[in-house]
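Residue-level listing of the chains:
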Amino acid sequence: MEKTFHITTFGCQMNEHDSEIMAGMLLERGYRQVSERRQAKVAIINTCSVRENADKRFFGTLGQLKRRKMAEPDFTVCVCGCMMQQQHIIDTIKTKYPWVDVIFGTHNISHFPELLEHVIQEKTKQIEILEDGRTDDGELPSRRMYQCKALVNIMYGCNNFCTYCIVPYTRGREHSRSPEHIREEVEKLVKDGVREVMLLGQNVNSYRGVSEDGSTWSFARLILFLAEIDGLERIRFMTSHPKDLSDELIDVFRSCDKLCKNIHLPVQSGSTEIMQRMNRHYTRESYMDTVRRLRKAVPDITMSTDIIVGFPGETEEQFQDTLSLVEEVRYDSAFTFLYSVRTGTPAASYGEQIPEEVKHERFNRLVDLVNRISAEKNAKYKGRVERVLVEGPSKRNSKTLCGRTDGFKLVNFEGSREMIGTFVNVEITEGKTFSLEGRVVEE
Ligand code: 5AD
Ligand code: SF4
């Protein structure tokens, strides 16, 4: 059989990174990755369960694959990721899509090649879902999306149990990798051409890695340890929970040049009552205080956030609090979501679910505001010179290049292919809502 595979990835950067690892493992075993699913003998779907929309798209994709699988029995379909950590999803797949060949979860992606080989050789199905216990990152190969930048897991799972969120049930309890393991992985990446790492965790502020000498390290200390690596030029991270953003970390923003001056700080709502019903452990005042502390220490820090509209019981007045908080903070960008009921979470059984049309109407008002502010903030970049790590051709025009500023702004500009993977100085000629335009200038 021709050993070709294609991966469809839904969801967040953790899932993207898991897909990079799966690709790395298969490439090491002689498989070839193809860009179109119809050319692949093995289709892998890495799922997300954070909102219902992703569930629906997953089942839609399975529906599309059915006809091919019926006509071509040796076409192999593998499904994995967060949705597979939910029993009701496994039950649905077994009854409605019994032709799926491999099902595995988020804690055992290292077993995937063996499960796949077993299916191909023995023509049997393989299902393996573990409850917890992932530890083997860094030892696994990974096929990075970009040569010059890499995603690195520093911890797994989440202990926060925000009442709307399924992640603690699908990614298990929080545990941190050891600082030495993480450093080893980053050193290897830097030798392989990586200039920027994005450290990943559901809540990086609660990183507590146990070092070889038995001491427990904070996230701030981990950043300083990684910043010692020669050749590594930028460090970013995602995501920070506002409830425990330490002064120690704010100091590192100030003292460590390699730490990018950008933070994603999900607020979810502007109303203290809603924040508390979401189990977020902060208030509007304490969140605003964190924003002020950050801006006092690093005046030009860029900020983004996540906001949920239409949490159960959200009144028009409470939604207005969200609008006013957005006006007050003036985020560089914001991801906005319609509240989505997730079976098994506490908020799913709260009374007073908000009607869809009310959610949509609020959502549109919020998006208008967020976009207006993004455009205003980006317009101010005109004339500034920014240091940009060049990622590759632009998504919308392959003749131009794109890259990111230290503050994580996407910049499009004309340049030559040799610039990819290097830092260039770009003078910003125009600030748009979602990106900047610029031209390369000398030092
Ligand atoms: N409905 C809507 N948005 C959600 N998020 C998490 N769970 C839900 C849900 N049930 C959003 C939060 C989180 C982001 C990753 O997804 O804003 O920060
Ligand atoms: Fe979900 Fe809250 Fe954990 Fe983020 S911190 S993954 S929103 S439970």
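Being a predicted model, the structure only gives us computed values, none of them experimental.

1. Re the overall build of the protein chain
Helix and strand content of the protein chain: twelve helices and 21 strands. For the protein chain, whose C-alpha radius of gyration is 22 Å, the value lies close to the compact-globule estimate of 22 Å for 443 residues. The C-alpha extent of the protein chain, read off along each of the three principal axes, is 60 × 55 × 50 Å. Taking the intrachain contacts of the protein chain between residues at least 6 apart in sequence as the baseline, contacts between residues at least 24 apart amount to 73%. Taken as a whole, the protein chain presents about 19,400 Å² of accessible surface, with 49% of it coming from carbon and sulfur. Within the protein chain, the 66 negative side-chain charges are centred at a point lying 4 Å from the centre of the 62 positive side-chain charges.

2. Section: the pattern of salt bridges
Pairing between side chains of opposite charge can happen when the charged atoms of each approach one another. By the definition in use, this model includes 35 salt bridges. Of the charged contacts in the structure, one is a salt bridge between D18 and R171, with a shortest N-O distance of 3.2 Å. Of the two residues, D18 sits in helix 1 (residues 13-28) while R171 sits in the loop between helix 5 (167-170) and strand 9 (175-176), which places them 153 residues apart along the sequence. On the basis of relative accessibility, which here comes to 3%, the residue D18 falls in the buried class. A salt bridge links R234 to E196; the nearest nitrogen and oxygen atoms lie 3.1 Å apart. Separated by 38 residues along the polypeptide, R234 in strand 13 (residues 234-238) and E196 in strand 10 (residues 196-200) bring together distant segments of the chain. Assigned by exposure class, R234 and E196 land together as buried.

3. A short note on the site of ligand 2
Every residue near ligand 2 is listed here: C158, N160, F161, C162, Y164, C165, V167, P168, Q202, H241 and R280. Considered class by class, the residues forming the shell around ligand 2 number seven nonpolar, three polar and one charged.

4. Thoughts on the sheet that holds strand 13
Read across the open sheet, the three strands follow the order 7-10-13; overall the sheet is parallel. Each edge of the open sheet is held by one strand with a lone partner, namely strand 7 (149-153) and strand 13. Taking the axes of each pair of neighbouring strands and ignoring which way they run, one obtains an average angle of 25° across the sheet. In the sheet, strand 7 pairs with strand 10 via five bridges, with the strands oriented parallel. Across the sheet, V152 pairs through a bridge with L199, a residue of strand 10. The sheet strands contacting helix 6 (residues 179-191) are strand 7 and strand 10, and the helix crosses strand 7 at an angle near 165°. Contacts from helix 7 (residues 219-227) reach strand 10 and strand 13 within the one sheet, and its direction differs from that of strand 13 by about 155°.

Procedures and definitions
Residues numbered from 1 in each chain as written. Chains lettered and ligands numbered in written order. Predicted model: local features only at pLDDT ≥ 70, side-chain atom pairs only at ≥ 80, totals over all residues. Heavy atoms only, no water. Helix = DSSP H or I, 4+ residues; strand = E, 2+ residues; numbered from the N terminus. Rg over C-alpha atoms; globule rule 2.2 N^0.38 Å. Contact = heavy atoms within 4.5 Å. Areas by Shrake-Rupley, 256 points an atom, 1.4 Å probe, with all protein chains shown as cover. Lys, Arg positive; Asp, Glu negative; His and termini not counted. Charge placed at Lys NZ, Arg CZ, Asp CG, Glu CD. Salt bridge = Lys/Arg side-chain N within 4 Å of Asp/Glu carboxyl O. Buried < 20%, exposed > 50% of the residue type's maximum accessible area, 1.4 Å probe, protein only. Near = heavy atom within 4 Å. Nonpolar A, V, L, I, M, F, W, Y, C, P; charged D, E, K, R; others polar. Pairing = 2+ DSSP bridges. Axes fitted to C-alpha atoms, helices over the stretch in contact; angles between N-to-C directions.

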